[in-house]
Amino acid sequence: MKEQLIFLNGQFVSKKDAVVSVYDHGFLYGDGVFEGIRVYEGNVFRLQEHVDRLYDSAKSIMLSIPYSKQELSDLVVETLRVNDLLNAYIRVVVSRGVGNLGLDPASCSRPQVIVIAEELALFPKELYESGIEIVTVATRRNRSDVLSPKVKSLNYLNNILVRIEAGLSGVNEALMLNDQGYVAEGSADNVFIVKNGEILTPPGYVGALEGITRNAIMEIARNLGFSMREEVFTRHDVYVADEVFLTGTAAEVIAVVKVDGRVVGDGKPGAVTNQLLKEFRKTVVEDGVKVYEQQIV
Ligand code: PMP
C-alpha cells in the first residue's frame, strides 16, 4: 500500500513524520480553524465555498493564513494527487502556530497549515439504508454571541461533549438545543425535518453552522420544487416530523429514524430524504473542482 502523505510545514511528509510541536497554540489552546472537504470521483465538492468559509473563520479570529485562497485550493488538490485519491475526505487545519506557553497569540511566529486526505465513511454503509437513531442532549450549543458557531474553530469541546453524551446513550449522533431550547444542530452536522411535504432547517442565528452540505440540500430541495424554509423548531417538532435527516461533509445525507425513543414516521428513511440523497449523490460527482482534469476530459 502506498504511504499516506500529509502536507505540513510547507512540505509533504509521511504520516509518521506528521507531528506538531507541543508549543503549537492549536494544541495548547485550540487556537486555530479547520475545514472538512470531500472529493467524489475526482471532483472536489464546493472547494471554493470551503476555502471561503476557512478564510472567514480565520478572519474572525484574526488569524492570517500564509497562502492565497488559490494557493490553498491548489494545495488541497495537490494533496489528493500525491496520495492518488479520487474519493476521500480532506481535512485542512490552520493553527496559530508555535508560540510560548502564554495565551497571547503574539508569541506565535507563523500559522501552521496542515492538509490530510484519506478515505472515510463516517457511518457504516448499512446505516445509510436503515437510518440512524439519535438523542437530544443536555449540552447546549455555544451561544452565538459568546463563541459563534459560524467560526469553524479548533475549539470543538461543545461538540465533543455532545458526542460523549450520544455515546452514553448508545447512539452515534445527537442533537444540541440552543440556550432557548430550540434545535440547533448535531455535533458535526445540520438537521432537517420534513412535515406535510415541507422541509425545514434551523436558521444560522439559532446556533447552527451554515453547512455547505446544508446549502447544497436547500438548493436541491428548491430545484426539485419542495417548499424549503429556514425556521426555528423545537424537540417536539422533531418528534412529530414525517422525516428527519442530517447533513454534513463527513455524514453526507443520513436519515434519522428514532429520536429520544420516538419513532420518526414509519421508522424507515422517508421518500423525501431518499429523493434528496439520490439527487445529492448525482450533484457531488457532476459539480466540483476536477482533481485530474486531463484524465476526465
Ligand atoms: N455543524 C457542525 C458543528 C459541523 O462541524 C459540521 C461539519 N463541518 C456541519 C454542521 C456540517 O457542515 P458541512 O456540510 O459544511 O460539512
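Residues numbered from 1 in each chain as written. Predicted model: local features only at pLDDT ≥ 70, side-chain atom pairs only at ≥ 80, totals over all residues.

Draft legend 1. Broad picture of the domain arrangement of the protein chain. By the assigned domains, the protein chain splits into domain 1 (5-118) and domain 2 (125-284). Relative to domain 2, the C-alpha centre of domain 1 lies at a distance of 26 Å. The leading source of residues in the side of domain 1 that touches domain 2 is strand β3 (residues 32-40), at eight residues. Its residues placed into classes, the side of domain 1 that touches domain 2 shows seven nonpolar, nine polar and six charged. (Domains from an automatic or database assignment. Helix = DSSP H or I, 4+ residues; strand = E, 2+ residues; numbered from the N terminus. Nonpolar A, V, L, I, M, F, W, Y, C, P; charged D, E, K, R; others polar.)

Draft legend 2. Representation of helix α6 (residues 212-223) in the model. Spanning 12 residues, α6 covers 17 Å between terminal C-alpha atoms, matching the ideal 16 Å at 1.5 Å per step. For α6, the full list of buried residues reads Ile212, Thr213, Arg214, Ala216, Ile217, Met218, Ile220 and Ala221. In the segment just after α6, Gly225 is the residue with positive phi, at about 95°. (Expected span 1.5 Å × (residues − 1). Buried ≥ 20, exposed ≤ 12 C-beta atoms within 10 Å, placed from the backbone.)

Draft legend 3. The arrangement of the packing of helix α2 (residues 47-60) against helix α3 (residues 69-82) in detail. Running from N to C, α2 and α3 cross one another at 125°; their axes reach a closest spacing of 10 Å. Our classification of the angle between α2 and α3 gives oblique. When you trace α2 past α3, the crossing you get is right-handed. Contact residues: Leu47, Val51 and Tyr55 in α2; Lys69, Leu72, Ser73 and Val76 in α3. When its residues are assigned to classes, the contact of α2 with α3 shows five nonpolar, one polar and one charged. (Axes fitted to C-alpha atoms, helices over the stretch in contact; angles between N-to-C directions. Parallel < 35°, antiparallel > 145°, perpendicular 65-115°, else oblique. Left-handed = near helix turned anticlockwise from the far one by under 90°. Contact = placed C-beta atoms within 7 Å.)

Draft legend 4. Structural context of the site of the ligand. Among the 14 residues in the neighbourhood of the ligand, the closest are listed as Gly211, Ile212, Thr213, Gly248 and Thr249. Put simply, the parts of the chain that give the shell around the ligand at least two residues each are α6 and β13 (243-248). Tallied by class, the residues present in the shell around the ligand amount to three nonpolar, eight polar and three charged. (Near = placed C-beta within 6 Å.)

Draft legend 5. Quick peek at the confidence of the model for the protein chain. Mean pLDDT for the protein chain: 95, with 98% of residues reaching 70 or above. Among the prediction metrics, the complex's ipTM stands at 0.99, with pTM recorded as 0.95. (pLDDT = per-residue confidence, 0-100.)

Draft legend 6. How the structure looks around the nonpolar core. Counting residues in each nonpolar core, the largest one holds 45 residues, and the members touching the most others are Ile217, Val244, Phe245 and Val256. The residues contacting Ile217, other than those within four sequence positions of it, are Phe192, Thr247, Val253, Leu276 and Phe280. One finds Val33, Val51, Ala88 and Ala117 within the second-largest nonpolar core, a separate group that totals 27 residues. (Core = buried A, V, L, I, M, F, W, Y, C linked by C-beta atoms within 7 Å.)

Draft legend 7. Spatial organisation of the packing of α6 against helix α8 (residues 271-286). The contact between α6 and α8 brings their axes to 10 Å, and the two run at 110°. On the basis of their axis angle, the class for α6 and α8 is roughly perpendicular. Relative to α8, the crossing made by α6 is right-handed. Mapping the contact onto sequence places Ala216, Ile217, Ile220 and Ala221 in α6 and Leu276, Glu279, Phe280 and Thr283 in α8. Broken down by class, the residue content of the contact of α6 with α8 amounts to six nonpolar, one polar and one charged.

Draft legend 8. Structural context of the sheet that holds strand β6 (residues 112-118). Pairing in this open sheet of seven strands is antiparallel, and the strands run β2-β1-β6-β5-β3-β4-β16 from one edge to the other. Strands with a single pairing partner mark the edges of an open sheet, and in this sheet they are β2 (11-14) and β16 (289-290). Relative to β6, strand β1 (residues 5-8) runs antiparallel, the two being bridged by two bridges. Looking across to β6, one finds that Phe7 is bridged to Val115. Packed onto the sheet, α2 meets β3, β4 (43-44), β5 (88-95) and β16 and runs at close to 175° relative to β3. Running over the sheet, α3 touches β1, β2, β3, β4, β5, β6 and β16 and is turned about 45° from β6. (Pairing = 2+ DSSP bridges.)

Draft legend 9. Summary view of the pairing of β2. Pairing between β1 and β2: four bridges, direction antiparallel. Bridged to Phe7 within β2 is Phe12.

Draft legend 10. Just the environment of Ala255, in detail. Tracing the backbone through its elements, the reader meets Ala255 in strand β14 (residues 252-259). For the pair Ala255 and Val191, spaced 64 residues apart in sequence, the C-alpha to C-alpha distance is 9.9 Å. If we ignore the near neighbours within four places in the chain, the residues touching Ala255 are Gly131, Phe245, Pro269, Gly270 and Thr273.

Draft legend 11. Examining α8 more closely. With 16 residues, α8 should reach 22 Å at 1.5 Å per residue; the first-to-last C-alpha distance of 23 Å fits that figure. Among the residues making up α8, those that are buried are Val272, Thr273, Leu276, Leu277 and Val284. Here the buried residues of α8 occupy an arc of 130° about the axis, which is enough to place them on one side. Among the exposed residues of α8, those oriented more than 90 degrees off its buried face are Lys278, Lys282 and Glu286. The positive-phi residue at the C-terminal boundary of α8 is Gly288, with phi of around 150°. (Arc of directions from axis to C-beta.)

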